[in-house]
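Residue-level listing of the chains:
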Amino acid sequence: MVEVVAALIWEGERFLICQRPAHKARGLLWEFVGGKVEPGETKQQALIRECQEELAITLQVGQVFMDVTHEYPDLTVHLTLFCASIREGVPQKLEHNDLRWIKTEEIDQYPFCPADEVILEKLKKQKTADNKAEPV
């Protein structure tokens, strides 16, 4: 099993998604920024490193939003998605085909990696629950 980390980065009501390069596995599908944990790294260290390498940003890593284990035909991943914010920098397309800031109601407009589907459902449910909150 491959340990993978990713960041749920919010900017107001929008969160950041990245489109995988065409030449990689699951090419052109959308995902949260992140990558594999290397030997000797904590998950938080791996996430900070990946975001520096892929987006040229420095992250402030917060709490775990969700853990997912997903079996692809070619590998099994254990994905830990952290809530995070940008401490420094502006996201740049250093490795991805495209970057977008989207609202939860726009999720269905983008084809995501299968491992992210359960996370996206949780995000949509939370947004729906937020909308049902009674005014104070």
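Scroll up a little and you will see the structure.
This is a predicted model, so every value here is computed, not measured.

Another point: the pairing of strand β1 (residues 2-11). When β1 meets strand β6 (residues 76-88), the two strands line up parallel, connected through eight bridges. Paired with I9 across the bridge in β6 is A84. Bridge count for β1 against strand β4 (residues 34-36) is three bridges, and the pairing is antiparallel. When the bridges of β4 are listed, A6 appears paired with G34. When β1 meets strand β2 (residues 14-19), the two strands line up antiparallel, connected through two bridges. In the strand pairing of β2, E11 is matched with R14.

It is worth spelling out helix α1 (residues 43-55) at this point. In this model, α1 (13 residues) spans 18 Å end to end at C-alpha, consistent with the 18 Å of a helix rising 1.5 Å per residue. For α1, every residue scored as buried is listed here: A46, L47, R49, E50, C51, E54 and L55. Contact partners of the buried residues in α1: β1, β2, β4, β5 (58-71), β6 and β7 (98-102).

Let us look at the environment of H96. Note that H96 resides in the loop between β6 and β7. Residue class for H96 comes out buried when judged on its relative accessible area of 9%. Taking the C-alpha atoms as reference points, H96 and Q60, 36 residues apart in sequence, are found 21 Å from one another. When residues no more than four places from it in sequence are discounted, the contact partners of H96 are C18, Q19, R20, P21, E31, V33, E54 and L55.

Another point: the packing of aromatic side chains. Per the counting criterion, the structure on display carries four aromatic pairs. Here the aromatic rings of W10 and F15 are separated by 5.2 Å at their centres, their planes lie at 65°, and the arrangement is edge-to-face. Judged by relative accessible area, F15 falls into the buried class, the value being 0%. The structure contains a cluster of three or more aromatic residues connected by ring pairs, namely W10, F15, F32 and F112.

Attention now moves to unusual backbone geometry. In the Ramachandran plot, R26 falls in the positive-phi region, its phi being about 55° despite a non-glycine side chain. Among the secondary structure elements, R26 is positioned in the loop between β2 and β3 (30-31). Backbone geometry at L28 places phi at a positive 70°, although glycine is not the residue there. Tracing the backbone through its elements, the reader meets L28 in the loop between β2 and β3.

Next up on the list: the pattern of salt bridges. For the structure on display, the rule yields twelve salt bridges. Across the pair E41 and R49 runs a salt bridge whose closest N-O atoms are separated by 2.6 Å. In this structure R49 comes out as buried when scored by relative accessible area, which is 14%.

About the criteria used
Residues numbered from 1 in each chain as written. Predicted model: local features only at pLDDT ≥ 70, side-chain atom pairs only at ≥ 80, totals over all residues. Heavy atoms only, no water. Pairing = 2+ DSSP bridges. Helix = DSSP H or I, 4+ residues; strand = E, 2+ residues; numbered from the N terminus. Expected span 1.5 Å × (residues − 1). Buried < 20%, exposed > 50% of the residue type's maximum accessible area, 1.4 Å probe, protein only. Contact = heavy atoms within 4.5 Å. Phe/Tyr/Trp six-rings, centres within 6.5 Å; stacked < 30°, edge-to-face > 60°. Salt bridge = Lys/Arg side-chain N within 4 Å of Asp/Glu carboxyl O.

Everything listed is a geometric property; what it means functionally is a separate question.
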